[in-house]
Amino acid sequence: MQSKIIESFFEEKGVVAAQIDSFNSFTNDGIYKIFEDMSAIEVDVSESEKYIIKFNQVYVSTPSVPVDGVSTRKINPSEARLRDLTYEAPVFLDIVEQRVKDDRIVFSKLHPHVSGFNMPIMVQSSKCNLSSKTESERVMADECQSDFGGYFIVNGKERVLIGQERQNYNQVFVFCDKEASKYTHFAQIRSMSEETSHSVLIKAHIKPDLS
């Protein structure tokens, strides 16, 4: 039964679903939280005046290449491989510029869609230019029909992030203790703070009932 469930999962999701889902989670939520948690940049102009830069919304685009120094066009993974390019997309930010004097905002201006940096995009992720294409359209774009994605293209070379298996944070796990131990089982939980990323491991041992 268990083998059938696993087989059904890979048939429906594919072998790289975990990598793609993880990257989609990062581009849709994780990157926004990074800038949300980032403190504002403050520069002291004088004892009573400050210049402040704040980051608001973040926009992850789709992979593209410059055409004439001004405009851009979309690029597919096959072209990135052939031209030794990095399959990457620009990331734009809404930046708020403020000047504060005597704890009062005397000037504030929003700069929308400021180009911040480029970020490699995982092939077949939600930000990939192939994500909305059918299998036949991907073949027409010089992609292999058996390519499930889940990797990056950096300078024309395919690169993979190796995942590591670990236990879930903030969840209790119970294990059998070693045979030589005076305990039969032990429970442990690794607590992780969402604000500071500080973690603490708590373990409790269970003695056998000798009555």
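Coordinates for the structure precede this section.
Residues numbered from 1 in each chain as written. Predicted model: local features only at pLDDT ≥ 70, side-chain atom pairs only at ≥ 80, totals over all residues. Heavy atoms only, no water.

### With respect to the overall build of the protein
Stage number 1. Helix and strand counts for the protein stand at four helices and 11 strands.
Stage number 2. For 211 residues, the compact-globule estimate of 2.2 N^0.38 gives 17 Å, and the C-alpha radius of gyration of the protein, at 25 Å, exceeds that figure by more than 25%.
Stage number 3. By its C-alpha atoms, the protein is 80 × 60 × 25 Å across when sized along the principal axes.
Stage number 4. Looking at the protein residue by residue over its 211 residues, the buried ones come to 27%. (Helix = DSSP H or I, 4+ residues; strand = E, 2+ residues; numbered from the N terminus. Rg over C-alpha atoms; globule rule 2.2 N^0.38 Å. Buried < 20%, exposed > 50% of the residue type's maximum accessible area, 1.4 Å probe, protein only.)

### Observations regarding a nonpolar patch on the surface
Stage number 1. Together, Ile6, Phe9, Phe10, Val15 and Phe148 give the surface a local cluster of nonpolar side chains, amounting to about 490 Å² of exposed area.
Stage number 2. One can find Ile6 in helix α1 (residues 2-13). (Patch = residues over 30% accessible without salt bridge, like charges linked within 9 Å, V, L, I, M, F, W, Y side chains within 5 Å. Areas by Shrake-Rupley, 256 points an atom, 1.4 Å probe, with all protein chains shown as cover. Salt bridge = Lys/Arg side-chain N within 4 Å of Asp/Glu carboxyl O.)

### Comments concerning the side chain of Gln188
Stage number 1. Looking at where Gln188 falls in the secondary structure, it is placed in strand β10 (residues 185-192).
Stage number 2. With sequence-adjacent residues up to four places away left out, Gln188 is seen in contact with Gln167, Gln171, Val172, Phe173, Phe175, Leu201, Ile202 and Lys203. (Contact = heavy atoms within 4.5 Å.)

### Here we look at the pairing of strand β6 (residues 104-120)
Stage number 1. Of the pairings in the sheet, the one linking strand β5 (residues 88-101) to β6 comprises 13 bridges and is antiparallel in character. When the sheet's bridge partners are listed, Phe92 is paired in β6 with Ser115.
Stage number 2. Where β5 folds back on β6, the antiparallel hairpin that results is connected by two residues, among which Asp102 adopts a positive phi of roughly 55°. (Pairing = 2+ DSSP bridges.)

### Digging into the sheet that holds strand β9 (residues 173-176)
Stage number 1. Spatially, β9-β10-β11 is the arrangement adopted by the three strands of the open sheet, whose pairing is antiparallel. Each edge of the open sheet carries a strand with a single partner, namely β9 and β11 (199-206). Ignoring strand direction, the axes of neighbouring strands in this sheet form an average angle of 25°.
Stage number 2. Sheet topology note: the β10/β11 ladder contains eight bridges and is antiparallel. Paired with His185 across the bridge in β11 is Ile206. (Axes fitted to C-alpha atoms, helices over the stretch in contact; angles between N-to-C directions.)

### A few points about the environment of Val123
Stage number 1. As for its placement among the helices and strands, Val123 is situated in the loop between β6 and α4 (135-140).
Stage number 2. Under the relative-accessibility criterion, Val123 is labelled buried at 1%.
Stage number 3. For the pair Val123 and Thr134, spaced 11 residues apart in sequence, the C-alpha separation works out to 14 Å.

### Concerning the sheet that holds β5
Stage number 1. Spatially, β1-β2-β5-β6 is the arrangement adopted by the four strands of the open sheet, whose pairing is antiparallel. Edge positions in the sheet fall to β1 (41-44) and β6, since each of these pairs with one other strand and no more. Across the sheet, the axes of successive neighbouring strands diverge by a mean angle of 20°, strand direction being ignored.
Stage number 2. Taken together, the 10 bridges between strand β2 (residues 49-60) and β5 define a ladder with antiparallel strand orientation. Considered in β5, the bridge of Glu49 is made with Lys101.

### Some points on the environment of Glu42
Stage number 1. Relative to the assigned elements, Glu42 resides in strand β1.
Stage number 2. Between the C-alpha atoms of Glu42 and Lys54, which are 12 residues apart in sequence, the distance is 8.9 Å.
Stage number 3. Here Glu42 is in contact with Lys50, Tyr51 and Ile52, once residues within four sequence places are set aside.
Stage number 4. Polar contacts involving the side chain of Glu42 include one to the side chain of Lys50, which spans 3.4 Å. (Polar contact = N/O pair within 3.5 Å; in protein donor to acceptor, adjacent residues only side chain to side chain.)

### Things to note about the packing of aromatic side chains
Stage number 1. For the structure on display, the rule yields five aromatic pairs.
Stage number 2. A ring pair is formed by Phe35 and Phe55, whose centres lie 5.7 Å apart and whose planes are at 65°; its orientation type is edge-to-face. Separated by 20 residues along the polypeptide, Phe35 in helix α2 (residues 17-37) and Phe55 in strand β2 bring together distant segments of the chain.
Stage number 3. Accessibility expressed as a relative area gives 21% for Phe55, which makes it partly exposed.
Stage number 4. Seen from their ring centres, Phe173 and Phe175 are 6.4 Å apart, and the 20° between their planes marks the pair as stacked. (Phe/Tyr/Trp six-rings, centres within 6.5 Å; stacked < 30°, edge-to-face > 60°.)

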